[in-house]
Amino acid sequence: MDPISPLEQALHAARALVLADLVAGQVAEADVVSLVEESVVERRWWLEQWPDGADYVAGLVAQDVQDALLERYGRWPLCPVCGAGDPHALDVEPELGPDPHWVCHKAGVKVASVGTLGSATGGKSSS
Ligand SMILES: [Zn+2]
């Protein structure tokens, strides 16, 4: 019957945001979701060492999942802004800070906050 700690709230929010972006990119399969869970477990440890980092967790989980997907599936999330040229992934900025965004370094634009990639891509399907 423990009340939910701020630490768990931050982790829960980070998980929800990154899952929303995975759903938007249509890659939220069971094994991908488990990558998010793995990251959340690691970041729980990290946050226990540094509780002030609660605001940074969403950006960190997003980057963890991005790295894990790159090894196993390929680039994610693909840039929805640049219509032409080589497909490229968005990056999280700031890498360590509050209010993380997906940015395209090629176009030099902020695409969406982490967790709102679905609205940025306008529900366009890549298939
Ligand atoms: Zn781009």
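Each remark here, short or long, concerns the structure printed above.
This is a predicted model, so every value here is computed, not measured. (Residues numbered from 1 in each chain as written. Predicted model: local features only at pLDDT ≥ 70, side-chain atom pairs only at ≥ 80, totals over all residues.)

Q: Whenever I open this one, helix H2 (residues 30-49) confuses me. Can you help?
A: Residue pairs three or four apart in sequence face the same way in an α-helix, which turns once every 3.6 residues. Spanning 20 residues, H2 covers 29 Å between terminal C-alpha atoms, matching the ideal 28 Å at 1.5 Å per step. Summarising the contacts, the buried residues of H2 are in contact with helix H1 (6-24) and helix H3 (57-72). (Helix = DSSP H or I, 4+ residues; strand = E, 2+ residues; numbered from the N terminus. Expected span 1.5 Å × (residues − 1). Contact = placed C-beta atoms within 7 Å.)

Q: What am I meant to see in the packing of H1 against H3 here?
A: When two helices pack together, you describe them by how their axes are tilted relative to each other and by the distance separating the axes. In contact at an axis separation of 8 Å, H1 and H3 are set at 45 degrees when each is read in the N-to-C sense. If you check the angle between H1 and H3, you find them oblique. In terms of crossing hand, the pair formed by H1 and H3 is right-handed. Here H1 contributes Ala-10, Leu-11, Ala-13, Ala-14, Arg-15, Leu-17 and Val-18 to the contact with H3, which in turn contributes Val-57, Ala-58, Val-61, Ala-62 and Val-65. For the contact of H1 with H3, the residue count by class is eleven nonpolar, no polar and one charged. (Axes fitted to C-alpha atoms, helices over the stretch in contact; angles between N-to-C directions. Parallel < 35°, antiparallel > 145°, perpendicular 65-115°, else oblique. Left-handed = near helix turned anticlockwise from the far one by under 90°. Nonpolar A, V, L, I, M, F, W, Y, C, P; charged D, E, K, R; others polar.)

Q: Can you help me understand H1 in this one?
A: Taking 1.5 Å as the rise per residue, H1 with 19 residues should run 27 Å; its terminal C-alpha atoms sit 27 Å apart, in good agreement. When H1 is considered as a whole, its buried residues turn out to be Ala-10, Leu-11, Ala-14, Arg-15, Leu-17, Val-18, Asp-21, Leu-22 and Ala-24. The secondary structure elements touched by the buried residues of H1 are H2, H3 and helix H4 (117-120). Gln-26 sits one or two residues past H1 and shows a positive phi near 55 degrees. (Buried ≥ 20, exposed ≤ 12 C-beta atoms within 10 Å, placed from the backbone.)

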